[in-house]
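What follows is each chain in one-letter form.
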Amino acid sequence: VMANTAKGGWLGADGENYLTAVDGLRADGFFSEARNLHYWPAGYSIFIWPLTLISLSNFLYLMSLIQSLLFAYATYFFTKQISKTRVATLAVAASIVISFNPTLSLGSNVVGYETPAAALLLLSIGLLIKDKLENPVNPSVKIASLSALAIGTSCFFQPRNLLFAVAIAAIYASSISGRKVQAKFAAVSLALIMVFPIILVSRNMEAIGSATISTNLGTTMFIGVGDGATGGYNGKYNGVPCPAAEKGTEAEIDSAKVKCALLWNLQNTGKAITHAAKKSIFYWSPWFGPEANGTMARNPWLKINPVKSGIKTQQNYDAVYGPIGKLVSWLWLIGQSALLSSGLVWLWKMGGTERLISKLAGAPVLLGWLISMGTIGDHRFRIPQMGLSLFLQVAGFIFWKRKFTKAL
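All values derive from a computational prediction rather than experimental measurement.

Student: Please explain the environment of L360 as it appears in this structure.
Tutor: Examined against the element boundaries, L360 turns out to sit in helix α18 (residues 352-374). Since its relative accessible area comes to 0%, L360 is described here as buried. What L360 contacts, discounting residues up to four positions off in sequence, is I125, L128, I168, I171, Y172 and L388.

Student: Please explain the packing of helix α17 (residues 323-350) against α18 as it appears in this structure.
Tutor: Across the interface, α17 lies against α18 with an axial gap of 6 Å and an inter-helix angle of 145 degrees. The way α17 lies across α18 gives a crossing that is left-handed. Touching L340, L344, L347, W348, K349 and M350 of α17 are G352, E354, R355, I357, S358, K359, G362, V365 and L366, all from α18. For the contact of α17 with α18, the residue count by class is 8 nonpolar, 3 polar and 4 charged.

Student: Whenever I open this one, the packing of helix α7 (residues 114-134) against helix α9 (residues 161-174) confuses me. Can you help?
Tutor: The packing of two helices is summarised by the inter-axis angle and the distance between the axes. Axis separation between α7 and α9 bottoms out at 12 Å; the angle between their running directions is 5 degrees. As summarised for this structure, α7 and α9 are arranged roughly parallel, according to the angle between their axes. Within the contact between the two elements, α7 uses A117, L121, I125, L128, D131 and K132 and α9 uses N161, F164, I168 and Y172. Considering only residue class, the contact of α7 with α9 consists of 7 nonpolar, 1 polar and 2 charged.

Student: What is the right way to look at the state of the cysteines in this model?
Tutor: Throughout this description, disulfide means a covalent bond between two cysteine sulfur atoms. A complete count under the given rule lists 1 disulfide for this structure. Between the sulfur of C242 and that of C260 lies a disulfide, 2.1 Å long from S to S. Handedness here is read from the sign of the S-S torsion; for C242 and C260, about 75 degrees, the answer is right-handed. Of this pair, C242 sits in the loop between α11 (217-223) and α12 (250-267) while C260 sits in helix α12, and the two are 18 residues apart along the sequence.

Student: Mind showing me how you'd approach the packing of aromatic side chains here?
Tutor: Aromatic ring pairs are described here by two measures, namely the spacing of the ring centres and the angle between the planes. Applying the stated criterion across every chain yields a total of 18 aromatic pairs. Here the aromatic rings of Y44 and F157 are separated by 5.6 Å at their centres, their planes lie at 85 degrees, and the arrangement is edge-to-face. One end of the pair, Y44, is in helix α3 (residues 43-54); the other, F157, is in helix α8 (residues 141-157), with 113 residues separating them in the sequence. One aromatic cluster is present, formed by Y18, Y44, F47 and F157 through successive ring pairs. Directly above the ring of Y172 sits K132, whose terminal nitrogen or CZ lies 5.0 Å from the centroid. Here the guanidinium or amino end of R382 rests over the ring plane of W287, the centre of that ring lying 4.2 Å away.

Student: Just checking my understanding: could you explain the environment of R355 for this structure?
Tutor: Among the secondary structure elements, R355 is positioned in helix α18. By relative accessible area, R355 is classed as partly exposed at 31%. Each residue touching R355, except ones within four places of it in the same chain, is listed here: L347, W348 and K349.

Scoring rules and cut-offs
Residues numbered from 1 in each chain as written. Predicted model: local features only at pLDDT ≥ 70, side-chain atom pairs only at ≥ 80, totals over all residues. Heavy atoms only, no water. Helix = DSSP H or I, 4+ residues; strand = E, 2+ residues; numbered from the N terminus. Buried < 20%, exposed > 50% of the residue type's maximum accessible area, 1.4 Å probe, protein only. Contact = heavy atoms within 4.5 Å. Axes fitted to C-alpha atoms, helices over the stretch in contact; angles between N-to-C directions. Left-handed = near helix turned anticlockwise from the far one by under 90°. Nonpolar A, V, L, I, M, F, W, Y, C, P; charged D, E, K, R; others polar. Parallel < 35°, antiparallel > 145°, perpendicular 65-115°, else oblique. Disulfide = S-S within 2.5 Å. Phe/Tyr/Trp six-rings, centres within 6.5 Å; stacked < 30°, edge-to-face > 60°. Lys NZ or Arg CZ within 6 Å of the ring centre and 35° of its normal.

Structure below.
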């Protein structure tokens, strides 16, 4: 794929913004004042910056190669640990589904944090499963540290992953016997995880004088609130009246917008619930079709999607975007939700290590959904958790297959 792609890779939804940020780093160094390094989290741009120093002309090839190797190894490592549990039958099927999911796998050749974040999440949880299997009583400090570094790096790319990191650390700590051992694990994990957001805050303090990770949260939340908003990008998203955001530094304006958005949701509970429901649909929506909603127009999968490329006439268009297309989209939405929840419950009911796996895999998936409900509905936001959601859907499929086989 790289050999047949211009310069070895594609631009993602925010690809130009990341490259502009890299230009700022190349010109002025780590503490560059370039706006894209503080409006968006600087972590991913810092991650790919050294590759441009190695070879600017072959930068995309290097990026695609490293991200693809990371994704491949993370998938292998995660499913290898699954193969050592009572649900070993999931390992090969999950490995194939995750590896050959076109959006997720081709995303490793994209300038964007999503697939690397998904790989790091798989790797982090895979390490904790390995630790539980090999050290059920006294967790390994080495493995715990590697797991924390993996998910901490994903927080470097996307700070909202901090919620995933804290949840995963808390879930695993609760599975450990003994207060002292729990405290030791939590202390090591949280200390290493917090290194990454601290780096971003310290960089922005030096660069723009604001102790902030990024300054785009308020703008993002404003898209999902207000009387004219739909919760996504398909309506009016002018936000809500916010006098406090009319002046000040960019960080102060962003903070004011966040407060105004939260206040509007509290004062307009009914509308906020309606928006949250719509955001849920947008979050789980297909990548393409009448119900698709989000910022995945540059999804590499859409370049070869046979349904999309097959639209040649008005009749084709009407079939895809008409009643039939809507029916297929809703079946897809309902089907993936049913499989995911079935897989989650099945693993939970098994108890033991399998219940722990259910918690570790389910927490980021559910938290990602909740975050989208609190900000905007965008199907791109589910990609970092997609390896885990696909694993749970495979578990759900095998559960129903066994159930039907037994019934017959």
